[in-house]
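# Summary of structural features
So the chains spell out like this:
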Amino acid sequence: MTLRASLLALCLLGGCDRVFGLIGGDDTTNHVPDAAGGSDDGGADARAGCPEWFTEGAGLELNESIVDIAAGDLTGDGLADIALLTHNVLTTSHFVDIYASTGAGPFATFGQFPVTTTTTEIEAADLVPNGNNELAVLDPSANVITLYAVTDNSLASLDVVQNIGLNARSMTVGDLDGQAPVDIAWAASGSNSYGNYTHSMTETVGLGRTPVYVGMLGRSGASGSDPLITTTSPSSLLIRAAAPQAIALTGEPGPVAGGHLAGGTPIVAVAMLDATIEIYELTSTNFELRTSIALSSSTTALTFIDLDHDGSDELVTTQASTSGGPSSVEVFQWDASGTFMNPTPLPYNHVAVAQAFGDFDGDTFTDLVIAGTDDSVAVYRNCR
């Protein structure tokens, strides 16, 4: 796999006041629209100090495929790096491949490190804490989550979370208790429970139903903690906040994400298998269905994140490919009428495996990286 080298761009969230540019390729004829609606021909874009930049040469060994992707500051330089969980289809070996951001492109190959052969998910967060990001790697067959620190030339095991439950999946990171370090949560469908790992303590909570995905609401709750949100089968949404709530859904759920609107109002998005996304908003003490978004295919990943620093999260979604075509990647902005409107599609020509977010260039704005089934890695820079 090679991070191909073209620079594509689009006007994000209207008015061209923010731009996501695709880093990769050899097509330098595409120009970035500036704030005035013109084009930037190879120079700085609409925001001073945010030059166009390219990435190439970050590649996997032959016969390796991407299983999952994470982003975070793994090398301690203040820039987000990329960690790929990869699988060699011939030897069945699994690895963590790390690419370090240089702040202006290209990414530098940091190293490839072996992990157990049945790993399925990877997350990056400040798990120690020490100001840097560490890696959490989920191995459901071994019934463990292993925490790793990235050192000068190795991937050092810090801790192993044991007995995480059967068929563990949907690992997520956040602050469950309002205290450092960052905590880990996951679904354990074999025991109808979710688990969390907090300050070297592992907890398993019975749900009485099979969890499908877990997420965290973020930026709210007692002492700044993140309430846990869980979709389950049969169709329900569980929110474990100060006042726990169970919501009956209209169909079978998929991924779930939590975020906030301007002013701090919590919202939850649930991707349904019927190719819709249901948005729930906290009205007083309970979450209520606010709106539903109809899509052309089912959603495989969704994330709330404030891309433009206006205090209201945008919703970034990846939809499954149809008829063998590429996945769709879209950015939704909250509309004053009370819904997420006018999605902005990102130029993406692959079948997506996973998405991750981080500040790769040090400008304080969050960038996006998407891994594909063809071992592609597309890095979208968030430029004003």
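Let me sum up the structure you'll find in this document. (Residues numbered from 1 in each chain as written. Predicted model: local features only at pLDDT ≥ 70, side-chain atom pairs only at ≥ 80, totals over all residues. Heavy atoms only, no water.)

### So, the packing of aromatic side chains
Following the criterion strictly, the structure yields four aromatic pairs and no others. Both rings, one in Phe110 and one in Phe113, keep their centres 6.4 Å apart while their planes meet at 55 degrees; by these two values the pair is tilted. Ring pairs connect the aromatic residues Phe304, Trp334 and Phe340, which therefore count as one cluster. (Phe/Tyr/Trp six-rings, centres within 6.5 Å; stacked < 30°, edge-to-face > 60°.)

### Quick look at the sheet that holds strand β27 (residues 328-335)
Taken in spatial order, the four strands line up as β25-β26-β27-β28 in an open sheet, and their pairing is antiparallel. What marks the edges here is a single partner per strand, and that holds for β25 (299-305) and β28 (339-345). Shown here is a sheet whose adjacent strand axes are inclined to one another by a mean of 25 degrees, direction ignored. (Pairing = 2+ DSSP bridges. Helix = DSSP H or I, 4+ residues; strand = E, 2+ residues; numbered from the N terminus. Axes fitted to C-alpha atoms, helices over the stretch in contact; angles between N-to-C directions.)

### Topic: the pairing of strand β18 (residues 228-233)
Across the six residues that make up β18, a large majority, five, are buried. Taken together, the six bridges between strand β17 (residues 210-216) and β18 define a ladder with antiparallel strand orientation. Across the sheet, residue Met216 finds its bridge partner in β18, namely Leu228. In sequence, β18 turns back onto strand β19 (residues 236-240) through a hairpin of two residues. (Buried < 20%, exposed > 50% of the residue type's maximum accessible area, 1.4 Å probe, protein only.)

### Thoughts on the sheet that holds strand β6 (residues 81-88)
Paired through their backbone hydrogen bonds, the strands of a sheet run either parallel or antiparallel. As summarised here, the arrangement of the four strands in space is β5-β6-β7-β8, forming an open sheet in which the pairing is antiparallel. At either margin of the open sheet sits one strand with a lone partner, and together these are β5 (64-72) and β8 (108-115). Mean inter-strand twist for the sheet, computed between neighbouring axes without regard to direction, equals 20 degrees.

### Some thoughts on the pattern of salt bridges
Enumeration according to the criterion identifies two salt bridges in this entry. The salt bridge partner of Arg290 is Glu281, with a shortest N-O separation of 2.1 Å. Residue Arg290 is classed as partly exposed on the basis of its relative accessible area of 38%. The partner of Arg381 in a salt bridge is Asp361, with the nearest N and O atoms 2.3 Å apart. Taken together, the residues span a long stretch of sequence, with Arg381 in strand β31 (residues 377-383) and Asp361 in the loop between β29 (352-358) and β30 (367-372) at a distance of 20 residues. (Salt bridge = Lys/Arg side-chain N within 4 Å of Asp/Glu carboxyl O.)

### Things to note about the environment of Thr373
Mapped onto the secondary structure, Thr373 falls in the loop between β30 and β31. Judged by relative accessible area, which is 48%, Thr373 ranks as partly exposed. Along the backbone, Thr373 and Ser65 are 308 residues apart, and their C-alpha atoms lie at a distance of 7.0 Å. Excluding its chain neighbours within four sequence positions, the residues that come into contact with Thr373 are Val351 and Val353. (Contact = heavy atoms within 4.5 Å.)

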